[in-house]
Each structure stands twice: as structure tokens, then as C-alpha cells.
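Survey of secondary and tertiary structure
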Amino acid sequence: MGAHIVSALADALTSHGLQLLWQLGTPSAAMGGDLAPAVVLTSLGEHEAGFAELSAGFRVPVRSLFPGLDGFQASPGGAQVDHLIDRGHRRLAYAASDDPQLERSSTLRQGAVLTRAEERGITTPFVVAMPLERQAARSALAALLSRDHPPTAVCAYNDHVAMAVLAAASDLGLSVPSDVAVIGVDDDPVAQLMTPALSSVRAELGDFVDEFAAEIAAGIVGSDSPEVKLPASPVVVIRGSS
């Protein structure tokens, strides 16, 4: 999704007479070299470590490339819960990623799952780290389903984690979704090829890229424009797993 936003934003900025030069690697003011940018975009969030230091290294505005990222990353969790509750489930689990690099986004999504469950008046969902290794995933799911009043449905951090749950369920002789329902996030192209086909939550960017490009261009010339953030309005793609 990040690469898609960068590519689409580069195209959108050309309509405002701007060119996007993207540098991969650890952000640093030194990367600018002899360039004289009108604005600097960074993948860092405004509240992340390093953003203030990076901003101090330029005489032009430094903006986060992904404004409102926390809300954008968290929002699928609420959509997952709503879908499963609407399908009749009242005992849920959140299958978190066990990848340390994904800890922040997984924790944000977990918080959204727990918050929406509370808002909808159901039992607090179980939380389990789901490995992307078949035997370990099988053990994790077996332990989860052996608890008192086990969950009947799983909100997975993303489609890869959801696929691990599906594989584990198959190994345990469980039927999906009758024994346990599963829903992921990202609507990976492989999701429809799973057995059963994996339900997922897809992010919708809407007009974000065009509006963000217009905001950047307006800021360069000192014009006021509404603040643009990534939309928190995901879409549930319903398939056989839920």
C-alpha cells in the first residue's frame, strides 16, 4: 500500500508542476545533497522518533507522507469486529503478528478490535500471537481453542496471519467457518485462492492522493487548504472463511 501511495502521489504532483524524488533508506537531511526541495516528505510519522531532527535539517516544510497513519492502520480492526458480530459471533480472538517489525501496526489494530468489541457489548476478545510457521501456528490455535468459552471467530492482523490460522485449522481437522470463522486484512490477491476463500478488509484511499497533492502544492505557495489525512473507511470483502 505504501508503494502504491508513493507512485500515485508522484503522478498527482505532476499536475501541480512538482516532481517527487523518493530516496529509500534511513531519512537524513544529508540525503538532499545539492537539491533544493520545495517540501520534504518522509515515511516517518510526526510523532515518531527522528521526525523533529529531520525537520530541523531542512529550511523547507517537512511533512509525513502518510498523515493520519495510525487511524488508517487501526480502522480495519473495527470493521472486522462489526462483520463478525453481524454474522452472529460473540466470542472473538485477535491473532496478532509475531513479527517485531510489525509490532506497532499490529498493536494499533489490536486496540481497535478490543475497543469495537467493548462498544458492541461483547466479551473482550482473546489475543494470541500467531506465527507464520505451520506447526507453531497449529499449536497456537489449538491452545486458543482449548480455553474456557473459546472464540468462534478470529480477527487476524493481516491476510498472511489469517492464512496461518486457516492452515492451522485444517491441520486440526476444523471446519471454517462453522467451527471457527476467520477474517484478514489487506485483501491479498492470494486470499481468493485459499480454501475456503479468505474474507478480508481492504483499505480504500478514495480521493486521498489527489487531495494530498493539492494540499502540498498549496502549502508551497503559502495558500491555506484543508488538512488531508488517510481515510479510515475500509471495506469488508466477504468470502467463504467468515
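On a predicted model such as this, the values are computed, not experimentally measured, just so you know.

**Observations concerning the nonpolar core**
- Core analysis: the largest hydrophobic core is formed by 40 residues, its most contacted members being Ala95 and Met130.
- Counting only elements with at least two residues in this core, the list comes to α3 (69-86), β3 (92-97), α4 (103-119), β4 (126-130), α5 (134-145), β5 (153-156), α6 (159-171) and β6 (181-183).
- For this core, the element with the highest residue contribution is α6, accounting for eight residues.
- In this structure, Met130 is in contact with Ala95, Ala96, Asp98, Ala137, Ala140, Leu141, Val161, Ala164 and Val165, ignoring residues within four places of it in sequence.
- Residues Phe72, Phe208, Ala213 and Val228 belong to the second largest nonpolar core, which totals 17 residues.

**Remarks on the environment of Val176**
- Along the polypeptide, Val176 turns up in the loop between α6 and β6.
- A relative accessible area of 15% means that Val176 is categorised as buried.
- Taking the C-alpha atoms as reference points, Val176 and Lys229, separated by 53 residues in sequence, lie 37 Å from one another.
- Setting aside residues up to four positions removed in sequence, Val176 forms contacts with Leu166, Ala169, Val182, Pro196, Gly240 and Ser241.

**A short note on the pattern of salt bridges**
- In this structure the tally under the stated criterion is eleven salt bridges.
- Across the pair Asp70 and Arg104 runs a salt bridge whose closest N-O atoms are separated by 2.6 Å. Here the residue Asp70 occupies a position in helix α3, and Arg104 occupies one in helix α4, the gap between them amounting to 34 residues.
- Its relative accessible area of 32% is what places Asp70 among the partly exposed residues.
- Arg116 serves as the salt-bridge partner of Glu119, at 3.1 Å between the closest nitrogen and oxygen.

**Regarding the pairing of β5**
- Burial along β5 is two-sided: Ala153 and Cys155 and Val154 and Ala156, pointing in opposite directions, are all buried.
- Judged from the four bridges that link them, β3 and β5 form a sheet pairing that is parallel. Across the sheet, Ala95 pairs through a bridge with Ala156, a residue of β5.
- Strand direction decides the pairing type here: β5 and β6, joined by three bridges, are parallel. What sits directly across from Val154, in β6, is Val182.
- Each parallel crossover has a hand, and for β5 linked through α6 to β6 it is right-handed.

**Structural notes on α6**
- End to end, α6 covers 18 Å across 13 residues, agreeing with the expected 18 Å (1.5 Å per residue, within 8%).
- Counting buried positions over the 13 residues of α6 gives ten, a clear majority of the element.
- Residues of α6 that are buried: Asp159, Val161, Ala162, Met163, Ala164, Val165, Leu166, Ala167, Ala168 and Ala169.
- Residues of α6 that are buried make contact with β3, β4, α5, β5, β6 and β7 (200-202).
- Between the side-chain oxygen at the start of α6 and the backbone nitrogen of His160 there is a gap of 3.2 Å, and the oxygen is on Asn158.
- Looking one or two residues past α6, Gly173 carries a phi angle of roughly 75°, positive in sign.

**Looking at the sheet that holds β6**
- An order of β4-β3-β5-β6 is seen for the four strands of this open sheet, with the pairing classed as parallel. Bordering the open sheet on either side are β4 and β6, each of which pairs with just one other strand. Going from strand to strand, the sheet's axes swing by 25° on average, the running direction of each strand aside.
- α3 contacts β3, β5 and β6 of the sheet and is inclined by roughly 165° relative to β5.

**Considering the packing of helix α1 (residues 2-14) against helix α7 (residues 208-220)**
- The geometry of α1 relative to α7 is characterised by a closest axis approach of 9 Å and an angle of 55° between their N-to-C directions. With respect to each other, α1 and α7 are oriented oblique. Judged by the sense of rotation from one axis to the other, the crossing of α1 with α7 is right-handed. Contacts between α1 and α7 involve Ile5, Ala8, Leu9, Ala12 and Leu13 from the first element and Phe208, Val209, Asp210, Phe212, Ala213 and Ile216 from the second.
- Looking at the contact of α1 with α7, its residues break down into ten nonpolar, no polar and one charged.

Criteria and thresholds
- Residues numbered from 1 in each chain as written.
- Predicted model: local features only at pLDDT ≥ 70, side-chain atom pairs only at ≥ 80, totals over all residues.
- Heavy atoms only, no water.
- Core = buried A, V, L, I, M, F, W, Y, C linked by side-chain atoms within 4.5 Å.
- Buried < 20%, exposed > 50% of the residue type's maximum accessible area, 1.4 Å probe, protein only.
- Helix = DSSP H or I, 4+ residues; strand = E, 2+ residues; numbered from the N terminus.
- Contact = heavy atoms within 4.5 Å.
- Salt bridge = Lys/Arg side-chain N within 4 Å of Asp/Glu carboxyl O.
- Pairing = 2+ DSSP bridges.
- Right-handed = clockwise from strand over helix to strand, strands pointing away.
- Expected span 1.5 Å × (residues − 1).
- Polar contact = N/O pair within 3.5 Å; in protein donor to acceptor, adjacent residues only side chain to side chain.
- Axes fitted to C-alpha atoms, helices over the stretch in contact; angles between N-to-C directions.
- Parallel < 35°, antiparallel > 145°, perpendicular 65-115°, else oblique.
- Left-handed = near helix turned anticlockwise from the far one by under 90°.
- Nonpolar A, V, L, I, M, F, W, Y, C, P; charged D, E, K, R; others polar.

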